[in-house]
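# Architecture and fold: a report
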Amino acid sequence: MPTPEHSNGAPCWIDLMTSDTGKAQAFYGDLFGWTFETGDQEKYGGYITALKNGKSVAGIMQKQPDRAGFPDVWSTYLRTDDARATVKSAAEHGGAVYLEAMDVPEQGAMAMVGDATGAAIGIWQTGEMTGYELAAEDGTPAWHELHTKDYATAVKFYQDVFGWDTDVMSDTPEFRYTTLGAGDTAKAGIIDASGYLPAEVPSHWQVYFAVADTDAATEKAVAMGAQLIEGPDDTPFGRLATLADPTGARFKITAPTAQ
């Protein structure tokens, strides 16, 4: 497949903050067929890049001691031309700043904010690193989705801060869903999760990975120490399953529904 086009405001990168980078590499390497390159410790803090068929698809980083009380987590990053301006805009529109914009030598600039509903979202200003190089094929990122407890506020935040051109896919009490872009060109979604997220679970982003066979991938993941959270289930958008990796980081897998 051609390299994905990462338009401004759209998801362009994902990474895993994990308590055990060795265990993460073993798990995702086997499950998705990834190989890995570890960056220079002084310049990049030993940041690990995951590759699929030689193309970058994700990052893995060691969770720092001051984050010990936080769960291991996958994060989505949205593309911007100016990380510092985007951080400032996020704060002005009700967000929180978790990590001020910082330059990554030669690669670009990154930041982490909380949106106006409390969901953490990464910001990436491209340099030499323009984003993941494969998408929507086996073992690569397939979709990015915000599960929010304050749907209207979330939609407006991403419109105002990231310039999202949104499309309402569904607007019923049972299922409210807005996408960045429309139809087959949509790049991310926002779902009203107020009816099902427990009180102790905050609004959050979820990352989907494409697989060839959801059931086979689920069985393999569980055999390697993952926990099956939900599914596999047929949906109008594919056969989905939600898993937690061996250290607890949640992710989803999806494959086309069998006809």
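Residues numbered from 1 in each chain as written. Predicted model: local features only at pLDDT ≥ 70, side-chain atom pairs only at ≥ 80, totals over all residues. Heavy atoms only, no water.

### Section: the sheet that holds strand β15 (residues 238-244)
Applicable threshold: Criterion used throughout: strands pair if DSSP finds at least two bridges between them. The secondary structure listing takes helices from DSSP runs of H or I that are at least 4 residues long and strands from runs of E that are at least 2 residues long, numbered from the N terminus. To define axes, lines are fitted to C-alpha atoms, for helices over the stretch in contact only, and angles between the resulting N-to-C directions are given on a 0 to 180 degree scale. In what follows, a contact means two residues having at least one pair of non-hydrogen atoms within 4.5 Å.
With mixed pairing, eight strands are arranged side by side in an open sheet as β10-β11-β12-β9-β13-β16-β15-β14. Looking at which strands have only one partner, the edges of the open sheet turn out to be β10 (166-172) and β14 (227-235). The mean angle between the axes of side-by-side strands here comes to 20°, regardless of whether they run parallel or antiparallel. Where β15 meets strand β16 (residues 250-255), six bridges bridge the pair, whose relative direction is antiparallel. Residue pairing for β16: L243 is matched across the bridge by F251. Lying on the sheet, helix α4 (residues 151-162) is in contact with β9 (141-148), β10, β11 (175-180), β12 (188-192) and β13 (204-210); it crosses β12 at an angle near 155°. Contacting β14, β15 and β16, helix α5 (residues 214-223) crosses the sheet at an angle of about 10° to β15.

### Points about the pairing of strand β3 (residues 48-52)
Stated precisely, the cut-off is as follows: Burial classification: accessible surface area is computed with a 1.4 Å probe over protein chains only, and a residue below 20% of its type maximum counts as buried, one above 50% as exposed, and the rest as partly exposed.
Within β3, four of the five residues are buried, leaving the element largely enclosed by the surrounding structure. Sheet analysis places strand β2 (residues 35-38) next to β3, joined by four bridges and oriented antiparallel. Looking at the pairing, F36 lines up with A50 of β3. When β3 meets strand β4 (residues 55-62), the two strands line up antiparallel, connected through five bridges. Paired with L51 across the strands is S56, a residue of β4. The antiparallel pairing of β3 with β4 creates a hairpin that spans two residues between the two strands, and N53 there sits at a positive phi of about 55°.

### Overview of the sheet that holds strand β1 (residues 11-18)
Pairing within the open sheet is mixed, and its eight strands lie in the order β2-β3-β4-β1-β5-β8-β7-β6. In the strand order of this sheet, the two ends are held by β2 and β6 (96-104), each with one partner. In this sheet, adjacent strand axes meet at a mean angle of 25° when their direction is disregarded. Relative to the sheet, helix α1 (residues 21-32) contacts β1, β2, β3, β4 and β5 (73-80), its axis offset from that of β4 by approximately 155°.

### Digging into α5
Quick note on the threshold: Directions are taken from the helix axis to each C-beta atom, and the arc is the one they span.
Those residues of α5 not exposed but buried are T214, A217, T218 and A221. Angular distribution of buried residues about the axis of α5 spans 100°; they occupy a single face of the element. Among the exposed residues of α5, those oriented more than 90 degrees off its buried face are E219 and A223. Lining the buried residues of α5 we find α1, β14, β15 and β16. Where α5 ends, the next residue or the one after it, G225, has phi of about 110°, a positive value.

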